[in-house]
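A closer look at the structure
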Amino acid sequence: MKYQFSGHESFICKQFWLKRGYDFIKSKGSFTDESAVVELGVGKNMVSSISYWLKAFGIVDQNNKETALAAYLFDDRNGKDPYTETIGTLWLLHYELVNTGKASLYSIFFNEFRRGRTDFTKEQLAKFLVKFTEQDAKANLNTLTSDITVFIRNYLVTTGNSLKSDIEDDFSNLLIDLELMRSYQMRNAEDKLVEWYTVENSVRHDLPAKIVLYTILDNPNYTKSIPFRELLTGKNGPGLVFALNEEGLYQKIEEITKEYRNIIYKETAGVRELQIKGTIQKGDVLDAYYKN
């Protein structure tokens with residue numbers, strides 16, 4: 001498997017870039033044309049970054065054709081949330097970022113790295129990535145370090161100790177309202193302050209249950225009967241992707257089963273599983289979320 005750890009040009013994904021990039025593609029724009037700088041109103045490196053993030057979030061495919069999800073969200077006439085004004089859209093986009101695997105770090109971090117720890121330093125994450133991707137020659141340490149910096153900035157709320165320019169830049173970040181990551185400092189064995197980061201498992205009260213259900217229905221590895229443990233710790237499952245703890249996942253399942261009578265949660269002889277009776281379309285679930 002080939003991993004990708006570059007392409008963002010060291011820019012985080014900003015709030016309106018996905019919408020702006022989608023409109024650009026819809027108007028038959030090309031990111032390789034010199035006119036893209038003028039049409040998008042950004043510098044040349046940012047043009048490349050927007051193109052990268054569109055693929056990473058699943059807004060366009062590898063041929064720069066808009067996806068069904070992109071039209072569903074961002075279309076001017078029928079789009080459900082063109083300007084990403086609801087928290088559910090942000091969680092949905094976060095899921096797509098992890099699920100597509102186009103930006104490899106996001107999938108590896110949420111599906112693999114956090115299985116062993118929730119607190120980490122940049123150096124620890126870099127060492128893990130080097131080992132995890134050791135058969136991929138592209139995963140060199142310099143590239144990984146840049147990717148990790150952008151990854152952290154995509155999720156970390158800027159503190160009061162940051163420079164004003166950094167604060168202004170990071171508060172334009174698309175995913176900042178998810179509040180998935182925080183940081184703290186701790187002294188190491190040499191008595192030097194080291195920056196630590198953490199993505200803790202929690203209840204996630206602002207995560208809509210319907211968005212969780214959508215991701216369950218979207219997962220090709222799930223059958224009509226899904227063990228609770230698989231939902232909690234399985235690849236691209238809601239537990240790992242959304243950093244839910246056991247209580248948080250159970251609460252989401254409770255909400256789902258109350259609203260959808262053909263979805264049942266069972267506990268029998270210590271075995272817990274979610275059972276889906278009949279057919280439920282994931283698109284209908286999203287429609288129900290945006291209708292409310």
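Provided above is the structure to which this section pertains.
For every chain, the first residue of the written sequence is number 1, and numbering continues from 1 along that sequence. With pLDDT at 70 or above as the cut-off, local features in this predicted model cover only qualifying residues; side-chain atom pairs require 80 or more to be listed or tallied, and sums for whole chains, interfaces and linings still use all residues. Only hydrogens and water are removed before side-chain values are computed, so all heavy atoms of the structure are retained for them.

Ordered by their spatial adjacency, three strands build an open sheet running E1-E3-E2, and the pairing between neighbours is antiparallel. Unpaired on one side and paired on the other, strand E1 (119-120) and strand E2 (182-187) mark the two borders of the sheet. Between any two strands, at least two bridges found by DSSP are needed for them to pair. Think of it this way: any DSSP run of H or I at least four residues long counts as a helix, any run of E at least two long counts as a strand, and we number them from the N terminus. Pairing geometry for E2 and strand E3 (residues 193-198), over six bridges, is antiparallel. Along E3, the bridge assignment pairs Tyr184 with Trp196.

Looking now at the packing of helix H1 (residues 17-26) against helix H3 (residues 44-56). For helices, the fitted line uses only the C-alpha atoms of the stretch in contact; every axis is such a line through C-alpha atoms, and the angle between N-to-C directions lies from 0 to 180 degrees. At a minimum axis distance of 9 Å, the contact between H1 and H3 shows a crossing angle of 90 degrees. Taken as axis vectors, H1 and H3 run roughly perpendicular relative to one another. For the pair formed by H1 and H3, the contact residues are Trp17, Leu18, Gly21, Tyr22 and Ile25 on the first element and Met46, Ser49, Ile50, Trp53 and Leu54 on the second. Partitioned by chemical class, the residues of the contact of H1 with H3 number eight nonpolar, two polar and no charged. The labels follow the angle: roughly parallel below 35 degrees, roughly antiparallel above 145, roughly perpendicular from 65 to 115, and oblique for the rest. Contacts are assigned to residue pairs with any non-hydrogen atoms lying within 4.5 Å of each other. Throughout this entry, Asp, Glu, Lys and Arg are counted as charged residues, while Ala, Val, Leu, Ile, Met, Phe, Trp, Tyr, Cys and Pro are counted as nonpolar. The remaining residues, Gly among them, count as polar.

This part takes up the packing of aromatic side chains. Aromatic pairs are defined between Phe, Tyr and Trp rings, using the six-membered ring for Trp, whenever the two ring centres lie within 6.5 Å; interplanar angles under 30 degrees are classed as stacked, those over 60 as edge-to-face, and all others as tilted. Following the criterion strictly, the structure yields 28 aromatic pairs and no others. Note on Tyr250 and Tyr265: the rings are 5.5 Å apart at their centroids and 70 degrees apart in plane angle, and the pair reads as edge-to-face. Taken together, the positions of Tyr250 in helix H13 (residues 246-259) and Tyr265 in strand E5 (residues 263-268) put the pair 15 residues apart, joining distant regions of the chain. Classification of residues uses two cut-offs on accessible area relative to the type maximum, computed with a 1.4 Å probe and protein chains only: under 20% is buried, over 50% is exposed, and between them is partly exposed. Exposure remark for Tyr265: the relative accessible area of 17% places this residue in the buried category. When the ring of Tyr289 is compared with that of Tyr290, the centres are 4.8 Å apart and the planes differ by 75 degrees; the resulting orientation is edge-to-face. With a relative accessible area of 16%, Tyr289 lands in the buried category.

Here the phi dihedral of Asp191 falls at roughly 65 degrees; this positive angle occurs in a residue that is not glycine. We note that Ala243 has phi near 55 degrees; this positive angle belongs to a residue other than glycine. The topology assignment puts Ala243 in the loop between helix H12 (238-241) and H13.

Pairing within the open sheet is antiparallel, and its three strands lie in the order E4-E6-E5. Every other strand in the sheet has two partners, leaving strand E4 (225-227) and E5 as the edge strands with one partner each. Direction aside, neighbouring strands of the sheet carry axes that sit 25 degrees apart on average. Alignment of E4 against strand E6 (residues 271-276), held across three bridges, turns out to be antiparallel. Looking across to E6, one finds that Pro227 is bridged to Glu273.

Right, let's get into the pairing of E6. Residues in a regular strand point their side chains to alternate faces of the sheet. Here six bridges tie E5 to E6, and the two strands are oriented antiparallel to one another. Bridge pairing in E6 places Lys266 opposite Glu273. Between the antiparallel neighbours E5 and E6 lie two residues, among them Ala269 with a positive phi of about 50 degrees.

Another aspect to go through is the nonpolar core. In a soluble, globular protein the nonpolar side chains are often hidden away together inside. Counting 89 residues, the largest nonpolar core has Leu18, Trp53, Phe57, Tyr106 and Phe151 as the members making the most contacts within it. With near-sequence residues (within four places) excluded, Phe151 lies in contact with Leu105, Tyr106, Phe109, Phe110, Leu125 and Met181. What is meant by a nonpolar core is a set of buried Ala, Val, Leu, Ile, Met, Phe, Trp, Tyr and Cys residues, joined one to another through side-chain atoms within 4.5 Å.

This next bit is on the environment of Gly88. Checked against the element boundaries, Gly88 lands in helix H5 (residues 87-100). In this structure, the C-alpha to C-alpha distance between Gly88 and Lys210, residues 122 residues apart in sequence, is 8.7 Å. Every residue in contact with Gly88, bar those within four places of it in the chain, is listed here: Pro208, Ile211, Tyr289 and Tyr290.

Throughout this description, the term salt bridge denotes a Lys or Arg side-chain nitrogen within 4 Å of a carboxyl oxygen of Asp or Glu. What the rule picks out here adds up to 10 salt bridges. Arg229 is the partner of Glu246 in a salt bridge, and the nearest nitrogen-oxygen pair spans 3.9 Å. Of this pair, Glu246 sits in helix H13 while Arg229 sits in helix H11 (residues 228-233); the two residues are 17 residues apart in sequence, bridging distant segments of the chain. We classify Glu246 as partly exposed; its relative accessible area is 36%. Judged by relative accessible area, which is 45%, Arg229 ranks as partly exposed.

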